[in-house]
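# Structure at a glance
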Amino acid sequence: MAFTHSRNIRIAAVACGLFGLLAIFYFHNDPVNYTSPEVFERLSGNRFALYFKGLSMTQHTGGRLVKIDADEFYVAPKKFNVFNFKPFNEMVLKNPRITTYRRNDESKTQAPGSANDSQKFSFPKIELPANSFNPGSIKTVSGVRLDGLSWVIKDGENEYVKFLARQAYLNIAKSELEMEGLEIENMELGRRISAKKGWLDLKASLVKIPKSSITHARAVSISSHVVLLDMNLNQMPL
Amino acid sequence: VSDSTGNGLNTLGDILDPFGLNAFDDVRINAEQYPIPAALPVNAATGADLQAFAVANVLPEVLKAKASADKISSTFNVIWSEPLVNESVESDYGDVLLCRAALDGILSVLYAQAAYDLDSDLDQKANNNQTVQEFLAANPSFGTFKSGAASNLSESKTYATSALVNLRSAINAMQSETDDQTNDYVTLADLTPAEITQARADIADALNSLNGPTFVHDNEIPYEDKGYTLNLSPFFGGTIGSLRALLPSFSGNNVAGGFPDPTMAGVFGAGPRFNLADTTLDSNGFVIPTILSDSWGGTLSFTGWPCK
């Protein structure tokens, strides 16, 4: 089903900064001007404050095309070790497959690395119909869990950088994407690094990986206790 | 609230008075609006004052709460309005067991803190922005074992044991529930049977470690089992005479060397996760334990309280 635009509750996860990802959740009752996401087969599971099976969205944000597909999207009780406490929830995307673009649509023909590369990166927004859930359940969400993340950043038709993570957690307060079982590949430069864990600093747009956590590196320099990499997988000074 | 009298530390409100915090109730009702004094009064409560308050005032209340919780029957069931999201929720005996575990944990901590001298001049610390090095030098008894305090550690161990047993019972009770869990205040998370089994095994490890060396598996990341040996019996047995003697040396707020005893008086056995002898040259040139390095490879700085 496609969502309507008026009197909706908007939950927006907005990626900020070059390749940065920052989730902002808020409630909105005004019409919103963007391409409607398509959401299929909404189910009402007892355990969930909100549950969607199958999520597919396409939109233009800031002049850039953004696509997201996920097997499931739900708001459910947050785990505290082995327990759930009713008021505390977390937002989960199961196997999210995100595609974003390096450049604005109108500038896709620019040479890679040109000075006109935009520093803005925006995605995704998910608009939900009012009365579909208890808004209070969203107030207690502090982050987004991404199970099986695949995030491809494309330059025109070509893949530029790919993030894969067995599990990731978007920590809103820290503006940080915490990743486990991660692999980052820069296809343009033929560089790749795999690690057991790492953090994407959303404000600095840099990836931080402890050296002891690295399981594989191809054409990536590693010379310190902790490596700090930009999106070209160049090591930056700590 | 403040009683605006100088009759000692008798209530939680009394604790704020000697630190010079605004005494008006309409200010205190909003914790986020507390104006923190630029300088603490010179007669602010000391570490010993706060310890004494915990033993004389807090401990008896928690003991009463625990005694009440222990009387709740296994048929307990109540529907109540949870204020955070303002929805109706159900609490049952599993919640009671978890509550008992939490109270046991608090009691264990209260008794443990009473066994050690934590006296310190807090206004000196705050007003002079003492570094860790200066703070330890100015409070030479801080972190030493109090004579005749072994019974406190014995009580602490008793409640730690009870906390773990009640925690395990809470898991069992919630797992065996057959009614609709939709509105239950506390439920078991959406875990696999293997994860539930592992949680029980972790609790069993923790229980065993109270009495002797126990190998603790790290199952945080499935393919990376960084187990280690934990033995809390030296702590609860009162054989650790000084906690401060286990600290590394400090230069200002920064760690400036390795641990004098990487086993922490026998508490930590060999294991990659808690290999406290592992040292790496940090960015400031100090050879410090890796566990005390920050994630950027530099020396972890202990800025103390309050941060200025």
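Moving on to the overall build of chain A. Within chain A, the secondary structure is distributed over one helix and 15 strands. The buried share among the 238 residues of chain A stands at 53%. Considering only contacts in chain A between residues 6 or more positions apart, those separated by 24 or more positions represent 53%. In the structure as shown, chain A presents an accessible area of about 10500 Å², 50% of it carried by carbon and sulfur atoms.

A surface patch of nonpolar side chains, about 250 Å² in accessible area, is lined by F80(A), F88(A) and L84(B). Note on placement: L84(B) falls in the loop between β1 (77-82) and β2 (87-92). By relative accessible area, L84(B) is classed as partly exposed at 46%.

Below, the discussion takes up the packing of aromatic side chains. Inspection of the entire model under this criterion finds ten aromatic pairs over all chains. Here W151(A) and F163(A) contribute two aromatic rings whose centre-to-centre distance is 5.2 Å and whose plane-to-plane angle is 25°, an arrangement assigned as stacked. With W151(A) in strand β9 (residues 143-155) and F163(A) in strand β10 (residues 158-171), the pair connects residues that are twelve residues apart, well separated along the chain. Residue class for F163(A) comes out buried when judged on its relative accessible area of 0%. By way of ring pairs, the aromatic residues F80(A), F85(A), F88(A), W80(B) and Y185(B) are connected into one cluster. It is K208(A) that lies over the ring of W199(A); its NZ or CZ is 5.9 Å from the centre.

Time to look at unusual backbone geometry. Of note in the backbone geometry, N95(A) takes a positive phi value of approximately 50° without being a glycine. Its location among the elements puts N95(A) in the loop between β6 (83-94) and β7 (97-101). Positive phi outside glycine occurs at A265(B), with the angle close to 60°. Among the secondary structure elements, A265(B) is positioned in the loop between β9 (254-255) and β10 (279-281).

If you look at the biggest cluster of nonpolar residues, it comprises 38 residues, and the most contacted ones within it are F163(A), L177(A), L200(A) and I209(A). Residue contributions to this core peak at six residues, all from β10(A). The residues touching F163(A), leaving out its near neighbours within four places in the chain, are L149(A), S150(A), W151(A), I153(A), M179(A), E183(A), I184(A), L200(A), V207(A) and M231(A). Among the nonpolar cores identified, the runner-up in size contains 20 residues, and L98(B), A170(B), A173(B) and F236(B) belong to it.

Let us look at the packing of helix α4 (residues 93-114) of chain B against helix α7 (residues 150-175) of chain B. Residues and elements named next belong to chain B. Across the interface, α4 lies against α7 with an axial gap of 7 Å and an inter-helix angle of 165°. As the angle between them shows, α4 and α7 are arranged roughly antiparallel. For α4 against α7, the interelement crossing comes out left-handed. Tallied by class, residues from the contact of α4 with α7 come to 15 nonpolar, eight polar and four charged.

Once that is clear, we can look at α4(B). The end-to-end C-alpha distance of α4(B) is 32 Å, a good match for the 32 Å that 22 residues give at a rise of 1.5 Å each. The element α4(B) is largely enclosed, with a buried count of 16 among its 22 residues.

This brings us to the confidence of the model for chain B. Residues and elements named next belong to chain B. The pLDDT averaged across chain B works out to 83; a share of 81% of its residues lies at or above 70. Taken element by element, the predicted model of chain B shows its lowest mean pLDDT in β10 (57) and its highest in α4 (97). Across residues 304-308 the pLDDT falls below 50, and counting only partners more than four positions away or on other chains, this stretch makes nine contacts in the model. Two numbers describe this predicted complex: its pTM, 0.70, and its ipTM, 0.75.

Here we take up the layout of surface pockets. Over the atoms a probe the size of a water molecule is rolled, and this reveals where empty space is left. Residue and element names in this part refer to chain B. In this structure, the second largest pocket encloses a volume near 210 Å³. What lines the second largest pocket is L232, F235, I240, L243, L246, L247, P248, F259, M264 and V267. Residue classes in the lining of the second largest pocket are distributed as ten nonpolar, no polar and no charged.

Turning our eyes to something else, we now look at helix α3 (residues 47-70) of chain B. With 24 residues, α3(B) ought to run about 34 Å at 1.5 Å a step, and its terminal C-alpha atoms sit 32 Å apart, in line with that. Maximal helix bending in α3(B) amounts to about 40°, located at V58(B); proline P60(B) follows within four positions.

A separate point is the pairing of strand β13 (residues 206-210) of chain A. All names here are of chain A. Buried residues dominate β13, accounting for five of its five residues. Taking every second residue as pointing to the same face, both faces of β13 are buried, with L206, K208 and P210 on one and V207 and I209 on the other. Pairing of strand β12 (residues 191-201) with β13 involves three bridges; the strand directions are antiparallel. Bridge pairing in β13 places L200 opposite V207. As consecutive antiparallel partners, β12 and β13 are separated by four residues, and within that stretch S205 has a phi angle of approximately 55°, a positive value.

Our next topic: the pairing of β12(A). All names here are of chain A. For strand β11 (residues 176-186) and β12, the ladder comprises ten bridges, and the chain directions are antiparallel. Across the sheet, residue M179 finds its bridge partner in β12, namely G198. Linking β11 to β12, which pair antiparallel, is a turn of four residues; within it G190 sits at a positive phi near 70°. Here β12 pairs with strand β14 (residues 214-218) via four bridges, running antiparallel. From the neighbouring strand, A195 faces β14, where its bridge partner is I214.

Attention now goes to the packing of α7(B) against helix α8 (residues 193-209) of chain B. Residues and elements named next belong to chain B. For the pair α7 and α8, interaxial distance at closest approach is 9 Å and the crossing angle is 165°. In terms of their interaxial angle, α7 and α8 are classed as roughly antiparallel. Between α7 and α8 lies a crossing whose hand is left-handed. Here T161, L164, V165, L167, R168, I171, N172 and Q175 of α7 come into contact with α8, specifically with I196, A199, R200, I203, A206 and L207. The class makeup of the residues in the contact of α7 with α8 is nine nonpolar, three polar and two charged.

Residue and element names in this part refer to chain A. Under the counting rule described, the total for this entry stands at eleven salt bridges over all chains. As a salt-bridge pair, E159 and K162 come within 3.9 Å of each other at their nearest N and O atoms. When its relative accessible area of 37% is taken as the criterion, E159 is described as partly exposed. Across the pair R218 and E185 runs a salt bridge whose closest N-O atoms are separated by 3.3 Å.

Cut-offs and rules
Residues numbered from 1 in each chain as written. Chains lettered and ligands numbered in written order. Predicted model: local features only at pLDDT ≥ 70, side-chain atom pairs only at ≥ 80, totals over all residues. Heavy atoms only, no water. Helix = DSSP H or I, 4+ residues; strand = E, 2+ residues; numbered from the N terminus. Buried < 20%, exposed > 50% of the residue type's maximum accessible area, 1.4 Å probe, protein only. Contact = heavy atoms within 4.5 Å. Areas by Shrake-Rupley, 256 points an atom, 1.4 Å probe, with all protein chains shown as cover. Patch = residues over 30% accessible without salt bridge, like charges linked within 9 Å, V, L, I, M, F, W, Y side chains within 5 Å. Salt bridge = Lys/Arg side-chain N within 4 Å of Asp/Glu carboxyl O. Phe/Tyr/Trp six-rings, centres within 6.5 Å; stacked < 30°, edge-to-face > 60°. Lys NZ or Arg CZ within 6 Å of the ring centre and 35° of its normal. Core = buried A, V, L, I, M, F, W, Y, C linked by side-chain atoms within 4.5 Å. Axes fitted to C-alpha atoms, helices over the stretch in contact; angles between N-to-C directions. Parallel < 35°, antiparallel > 145°, perpendicular 65-115°, else oblique. Left-handed = near helix turned anticlockwise from the far one by under 90°. Nonpolar A, V, L, I, M, F, W, Y, C, P; charged D, E, K, R; others polar. Expected span 1.5 Å × (residues − 1). pLDDT = per-residue confidence, 0-100. 1 Å grid on protein atoms, 1.4 Å probe; cavity = no way out; pocket = protein on both sides within 12 Å on 5 of 7 lines; lining within 4 Å. Points joined across faces, edges and corners; volume = space filled by probe spheres on them. Bend = angle between axes of the 7 residues up to and from the residue. Pairing = 2+ DSSP bridges.

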